Amino acid sequence: MLNTPFFEQVFWGNPIRNYCFFLLFLFVGLVFRKLISKLLGKLLVKLFRNFAAQSHDAAFIALLLKPLQLFLLLTTLYFAANQLSYPLNQVLFQHHKLLGKTNLAIPITIGDGLDKIFLFLIIISIFWIILRIIDFISHVFLYKATFKESKTESQLIPFLKELFKALIIFVAFFTLLGYVFEVNVLTLITGLGIGGIAIALAAKESLENLLGSFTIFLDKPFIVGDYVKVDNVEGVIEKVGFRSTWIRTVDKTMVTIPNKGMIDGVLENMSLRNIRRVKFTVGVTYETPKEQVEKIVEKIKAFLLDHTDTNNDGIVYFDGFGASSLDIVIIYYITELDLAKYVLIKQEINFKIMDTVLGNNSDFAYPTQRLITTTPNPIADSEEPI
């Protein structure tokens, strides 16, 4: 049918038949790319079915849909463009001077330029698909990690995801250099020589932080979700990256500390403690009799020992004579680690201490000053020396 004289007519250097093929490829690429990309996504889902449950199918297709659509669009555009020959398909650059002496002919045509552009974009779309597959694998592993008591995997998986994605981007860069720009990659790598050493020295701190991240994963001084204190910064570990660790402070701000600083500095992991210590001093007035001070001390001690959320290591004693108070030191340990519950227990104990002091004919002291004045003697002041 396409061999009839009508389709053999030539316009702008191409028969009508070629224009029909061009439009056909464009129609298929623009109209059916979403449908074809979904079908390809479902085929890839079947390959990963043993790895992920069926509930993750939608997430997998959502991650792959855009890169697959781009890949299909570029492929159809490439085949459509190859159906036509271009009137300007000639050498664009004839002569380039090299070092001012030699003329160098570089035969670059429009067709070659289009091939390079399509190859560049197709390679990018392929590696984009690979990156999305890595995202999906990490998504499944993180989902499975939520059912485990240990949080080590929840911390390690995001780090490994970033590591593999960085390696894929590195490979993609050299692939583009080799296939699109026709650079000899092996010669380029081996030719770095001293330049590579200089780059390594310039990236010394980055390498130290990268090694620090590996040390964190191997030594495990903390994991994601731990409450830590380092360099006067307190907060919850949210992420351990290549270069730095992200900490969400109590003020809900985000602080990033280089990994080298996390392992070289003094780090206090408050999540690893199994008990919370409370220590403070209560000052009662000097008008409180000795017997009442003893009663206050004994009642507070008995209450702390009988409390269900404290252990038996609590100490209550009369410490000494302050500037304006009789000082009673109270030390006890709360076994509840959850911060919200801990502050409620501490509040309950504080109220009980207030009731104990006020219920034993005493009161809390506050800084006071006593002024002593004397009355002048008029007789002594009126005497004159002999």
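How each quantity is defined
- Residues numbered from 1 in each chain as written.
- Predicted model: local features only at pLDDT ≥ 70, side-chain atom pairs only at ≥ 80, totals over all residues.
- Heavy atoms only, no water.
- Helix = DSSP H or I, 4+ residues; strand = E, 2+ residues; numbered from the N terminus.
- Polar contact = N/O pair within 3.5 Å; in protein donor to acceptor, adjacent residues only side chain to side chain.
- Pairing = 2+ DSSP bridges.
- Axes fitted to C-alpha atoms, helices over the stretch in contact; angles between N-to-C directions.
- Salt bridge = Lys/Arg side-chain N within 4 Å of Asp/Glu carboxyl O.
- Buried < 20%, exposed > 50% of the residue type's maximum accessible area, 1.4 Å probe, protein only.
- Expected span 1.5 Å × (residues − 1).
- Arc of directions from axis to C-beta.
- Contact = heavy atoms within 4.5 Å.
- Phe/Tyr/Trp six-rings, centres within 6.5 Å; stacked < 30°, edge-to-face > 60°.
- Parallel < 35°, antiparallel > 145°, perpendicular 65-115°, else oblique.
- Left-handed = near helix turned anticlockwise from the far one by under 90°.
- Core = buried A, V, L, I, M, F, W, Y, C linked by side-chain atoms within 4.5 Å.

Undergrad: Just checking my understanding: could you explain the side chain of N311 for this structure?
TA: Of note, N311 is situated in the loop between helix 11 (290-306) and strand 11 (315-321). Polar contacts involving the side chain of N311 include one to the side chain of D313, which spans 3.2 Å.

Undergrad: What am I meant to see in the sheet that holds strand 9 (residues 267-269) here?
TA: Pairing between sheet strands relies on hydrogen bonds along the backbone, with the strands arranged either parallel or antiparallel. Ordered by their spatial adjacency, five strands build an open sheet running 8-7-6-5-9, and the pairing between neighbours is antiparallel. The sheet is open, and its two edges are formed by strand 8 (254-258) and strand 9, each paired on a single side. Taking the axes of each pair of neighbouring strands and ignoring which way they run, one obtains an average angle of 40° across the sheet. Of the strand pairs in this sheet, strand 6 (residues 233-240) and strand 7 (residues 244-249) are connected by five bridges, and their pairing is antiparallel. Bridge pairing links V236 to R248 in strand 7.

Undergrad: I tried to follow the pattern of salt bridges on my own but got confused; where do I start?
TA: For side chains bearing opposite charge, pairing can occur when the charged atoms are close. One pass over the full model with this rule turns up five salt bridges. Close ionic contact of E162 with K239 constitutes a salt bridge, the shortest N to O distance being 2.7 Å. Here E162 is found in helix 6 (residues 152-179), whereas its partner K239 is found in strand 6, with 77 residues between them in sequence. Exposure remark for E162: the relative accessible area of 23% places this residue in the partly exposed category. Among the ionic pairs, R248 bridges to E238, the shortest N-O distance being 3.1 Å. Here R248 is found in strand 7, whereas its partner E238 is found in strand 6, with 10 residues between them in sequence.

Undergrad: Honestly, the environment of S325 in this entry has me stumped. Any pointers?
TA: With respect to the element layout, S325 can be found in the loop between strand 11 and strand 12 (326-334). By relative accessible area, which is 12% here, S325 ends up buried. C-alpha of S325 to C-alpha of T285: the two residues are 40 residues apart in sequence and 5.1 Å apart in space.

Undergrad: Any chance you could explain helix 11 here in plain terms?
TA: Note on helix geometry: an α-helix contains 3.6 residues per turn, so any two residues three or four positions apart are oriented the same way. The terminal C-alpha atoms of helix 11, which comprises 17 residues, lie 25 Å apart, in line with the 24 Å expected from a rise of 1.5 Å per residue. Listing the buried residues of helix 11 in full gives Q292, V293, I296, V297, I300 and L304. The buried side chains of helix 11 occupy one side of the element, clustering within an arc of 140° when seen end-on. Counted as exposed and oriented over 90 degrees from the buried face of helix 11: K290 and D306. Buried residues belonging to helix 11 abut strand 11, strand 12 and helix 12 (339-358).

Undergrad: Even after reading the chapter, I still don't get the packing of aromatic side chains, so can you show me in this structure?
TA: The geometry of an aromatic ring pair comes down to the distance between the two centres and the angle between the two planes. Across all of its chains, the model carries six aromatic pairs by this definition. Their ring planes at 90° and their centres at 5.5 Å tell us that F159 and F214 sit as a pair that is edge-to-face. You can see F159 sitting in helix 6 and its partner F214 sitting in helix 9 (residues 204-219), a full 55 residues away along the chain. On the basis of relative accessibility, which here comes to 1%, the residue F159 falls in the buried class. Relative accessible area serves as the criterion here: at 34%, F214 is assigned to the partly exposed category.

Undergrad: Looking at this model, I keep getting lost on the environment of F27. Mind explaining?
TA: By the element assignment, F27 lies in helix 2 (residues 16-31). For F27, a relative accessible area of 46% translates into the label partly exposed. With 50 residues separating them in the primary sequence, F27 and L77 have C-alpha atoms 10.0 Å apart.

Undergrad: Help me understand unusual backbone geometry in this model?
TA: Glycine aside, negative phi is the norm for most residues, and most peptide bonds take the trans geometry. Look at D231: it is not a glycine, yet its phi comes out positive at around 50°. Relative to the elements of secondary structure, D231 occurs in the loop between strand 5 (227-230) and strand 6. In this model, N232 sits at a positive phi of 65°, which is unusual for a non-glycine residue. Turning to its location among the elements, N232 is positioned in the loop between strand 5 and strand 6. Exposure remark for N232: the relative accessible area of 76% places this residue in the exposed category.

Undergrad: I'm lost on the sheet that holds strand 12 in this one. Help?
TA: The antiparallel open sheet is built from three strands, whose spatial order is 10-12-11. Edge positions in the sheet fall to strand 10 (276-284) and strand 11, since each of these pairs with one other strand and no more. Here the average twist between neighbouring strands, direction ignored, is 20°. Bridge analysis of strand 11 against strand 12 gives six bridges, and the strand direction is antiparallel.

Undergrad: What should I look at first to understand the packing of helix 11 against helix 12 in this one?
TA: Each packed pair of helices is defined by two parameters, the angle between the axes and the distance between the axes. Where helix 11 meets helix 12, the axes come as close as 10 Å, and the angle between the chain directions of the two elements is 155°. Compared by their axis directions, helix 11 and helix 12 come out roughly antiparallel. Seen along the crossing, helix 11 lies across helix 12 with a hand that is right-handed. Contacts between helix 11 and helix 12 involve I296, K299, I300, F303 and L304 from the former and E348, I349, K352, I353, T356 and V357 from the latter.

Undergrad: Is there a simple way to explain the nonpolar core in this structure?
TA: A general tendency of soluble globular proteins is for nonpolar side chains to be buried together. Within the largest apolar cluster, 19 residues are counted, with the highest numbers of intra-cluster contacts made by I300, L304, V316, I328, I330, Y332 and I353. Contributions of two or more residues to this core are made by strand 10, helix 11, strand 12 and helix 12. For V316, the residues in contact, after removing those within four places along its chain, are V297, I300, K301, L304, I328, V329 and I330. One finds F217, V224, V233 and I247 within the second-largest nonpolar core, a separate group that totals 13 residues.

It is worth stressing that arrangement in space is one thing and function is another; only the former is reported here.
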